[in-house]
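So you can see what is in the structure, the chains are spelled out below.
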Amino acid sequence: MKKCVLFLLPVVLFIVITGMNSKDKEGGTKMAPEKGEKSPTLHSFGDGAVIQLPAPRLKGEMSLEECIQKRRSIRSFEPRKLTLQEISQLLWAMQGITDERQGLRAAPSAGALYPLEIYLVKDDGVYHYEPHGHRLEVLGTKDVRDELVSAALRQSSVRQAAVNFVICAVYERVTTRYGEKGVRFTDMEAGHAAQNLHLEAVALGLASVPVGAFMEEGVAKALSLPKGHRPIYILPVGEPVKQKAEK
Ligand SMILES: Cc1cc2nc3c(=O)[nH]c(=O)nc-3n(C[C@H](O)[C@H](O)[C@H](O)COP(=O)(O)O)c2cc1C
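Reading guide: rules and limits
- Within each chain, residue numbers correspond to sequence positions counted from 1 in written order.
- Totals for whole chains, interfaces and linings use all residues, but because this is a predicted model, local features are given only for residues with pLDDT of at least 70 and pairs of side-chain atoms are given and counted only at 80 or more.
- Exposure in this text rests on C-beta crowding, where 20 or more other C-beta atoms within 10 Å of a residue's own make it buried, 12 or fewer make it exposed, and counts in between make it partly exposed. The C-beta atoms are placed from the backbone.
- Helix and strand definitions follow DSSP, with helices as H or I runs of at least four residues and strands as E runs of at least two, each counted in order from the N terminus.
- A pair of strands is labelled paired if DSSP reports no fewer than 2 bridges between them.
- As used in this record, a residue near a molecule or strand is one whose C-beta atom, placed from the backbone, is within 6 Å of it.
- The classification used treats Ala, Val, Leu, Ile, Met, Phe, Trp, Tyr, Cys and Pro as nonpolar, Asp, Glu, Lys and Arg as charged, and all other residues, Gly among them, as polar.
- In a helix, the anticipated span is given by 1.5 Å times the number of residues less one.
- Contact between residues is assigned whenever the C-beta positions, reconstructed from backbone atoms, fall within 7 Å.
- Throughout, an axis means a line fitted to C-alpha atoms (over the contacting stretch in the case of helices), and angles, computed between N-to-C directions, take values from 0 to 180 degrees.

**Some remarks on the pairing of strand β9 (residues 230-238)**
Line of reasoning, step 1. In terms of burial, β9 is a largely internal element, eight of the nine residues being buried.
Line of reasoning, step 2. Here seven bridges tie strand β7 (residues 163-169) to β9, and the two strands are oriented antiparallel to one another. Bridge assignment links valine 166 to a residue of β9, and that residue is isoleucine 234.

Below, the structure is given as structure tokens:
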């Protein structure tokens, strides 16, 4: 009997301790989406024109390993524009719906609360990505690139990009459930989405760079962002400048 207790005690202790650790002490224990839960800050876009994006292709010519090996931060781009198919592919990789039934997206999200909103700045205006329906909403047709470049401390990558993808965070969607930890969760999620874009860019023969050095207020003003949509990353994308042949 004594032997049996001595054997069982460590097992019981292990179960109790691991059970305690599996609970998120700072932010509660829920990591799955609540049915019917709505964000208090969900912004309603959709007054303007909508562009249906072509379906993304799900097979590519480059392996994931090659994309990882080849990815570099590139800051100089050719002047060529991106095609709608390329834009579609990049947006899908960042935030596209990959599980229609449950509405889950290409990048993971704490509690599937999806606090990221993606904006695009092109020569012909500002757009917002709507993952449901895989479409772009036209927010304005003014060229705001000069304002964006100024806000991004005049970085050449932002100036030369065919498209600047701007990841915004709506922190409240996550802090409402996870408290302060929700800010960290949201920033982590932006990293997931950004890396997907960088790797997809390589797969398409394009190039990109993550830009974190910018003035938040300036970007918000340039894009006329709704309250609570806070820009945290600018991702300039374009065709990489061709290397000159060695003599
Ligand atoms: C959070 C973050 C912010 C960054 N901000 C900038 C930036 O503002 N401008 C820039 O040119 N590169 C920026 N970078 C890119 C880094 O300079 C680059 O990743 C680093 O030099 C390593 O090179 P690699 O990306 O080619 O591996 C940033 C990278 C990260 C992860």
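Now that the structure has been shown, we can carry on.
**Notes on the site of the ligand**
Line of reasoning, step 1. Taken together, Arg72, Ser73, Arg75, Gln155, Ser157, Val209, Pro210, Val211, Gly212 and Ala213 make up the full set of residues adjacent to the ligand.
Line of reasoning, step 2. For the shell around the ligand, a count of residues per class yields four nonpolar, four polar and two charged.

**Some remarks on unusual backbone geometry**
Excluding glycine, a negative phi dihedral is what most residues carry, and trans is how most peptide bonds are arranged.
Line of reasoning, step 1. For leucine 153, which is not a glycine, the phi torsion comes out positive at approximately 55 degrees.
Line of reasoning, step 2. Here leucine 153 is to be found in the loop between α4 (145-151) and α5 (156-160).
Line of reasoning, step 3. Classification of leucine 153 by C-beta neighbours within 10 Å gives exposed; the count is 12.
Line of reasoning, step 4. Positive phi, close to 50 degrees, is recorded for serine 224, a residue that is not glycine.
Line of reasoning, step 5. Within the fold, serine 224 resides in the loop between α8 (216-223) and β9.
Line of reasoning, step 6. Assessed through the 12 C-beta atoms surrounding it within 10 Å, serine 224 is described here as exposed.

**So, helix α3 (residues 84-95)**
Since there are 3.6 residues in each turn of an α-helix, residues three or four apart along the chain are aligned in direction.
Line of reasoning, step 1. A rise of 1.5 Å per residue sets the reference length of α3, with its 12 residues, at 16 Å; its end C-alpha atoms lie 16 Å apart and thus fit the reference within 8%.
Line of reasoning, step 2. In terms of residue burial, α3 counts as a mostly covered element, since 10 of its 12 residues are buried.
Line of reasoning, step 3. Those residues of α3 that fall on the buried side of the exposure criterion are Glu86, Ile87, Ser88, Gln89, Leu90, Leu91, Trp92, Ala93, Met94 and Gln95.
Line of reasoning, step 4. Looking at the buried positions of α3, the neighbouring elements they touch are β3 (104-105), β4 (116-122), β5 (125-130), β7, α7 (181-203) and β9.

**Describing α7**
Line of reasoning, step 1. The end-to-end C-alpha separation of α7 is 34 Å, in line with the 33 Å expected for 23 residues at 1.5 Å each.
Line of reasoning, step 2. Remark: glycine 205 follows α7 within two positions and exhibits a positive phi of approximately 80 degrees.

**Section: the environment of alanine 203**
Line of reasoning, step 1. Tracing the chain through its elements places alanine 203 in helix α7.
Line of reasoning, step 2. Sequence separation of alanine 203 and glycine 60 is 143 residues, and the distance between their C-alpha atoms is 7.1 Å.
Line of reasoning, step 3. In contact with alanine 203, other than residues within four places in its own chain, are Gly60, Met62 and Cys67.

**Here's the deal with the sheet that holds β9**
Line of reasoning, step 1. Ordered in space as β1-β6-β5-β4-β7-β9-β8, the seven strands form an open sheet in which the pairing is antiparallel. Unpaired on one side and paired on the other, β1 (50-52) and β8 (207-208) mark the two borders of the sheet.
Line of reasoning, step 2. Of the strand pairs in this sheet, β5 and strand β6 (residues 135-140) are connected by five bridges, and their pairing is antiparallel. Considered in β6, the bridge of glutamate 130 is made with arginine 135.
Line of reasoning, step 3. Contacting β4, β7, β8 and β9, α7 runs over the sheet at an angle of about 5 degrees to β9.
Line of reasoning, step 4. Here α8 sits on the sheet and contacts β4, β5, β7 and β9; the angle it forms with β9, its principal contact strand, is near 70 degrees.

**Description of the pairing of β5**
Line of reasoning, step 1. Bridging between β4 and β5 involves four bridges; their strand directions are antiparallel. Residue leucine 120 lies in a different strand from β5, and its bridge partner there is tyrosine 127.
Line of reasoning, step 2. Joining the antiparallel neighbours β4 and β5 is a turn of two residues.
Line of reasoning, step 3. Counting the residues between successive antiparallel strands, the hairpin from β5 to β6 contains four residues, one of them, glycine 133, with a positive phi of roughly 95 degrees.

Taken by themselves, the reported measurements are silent on function.
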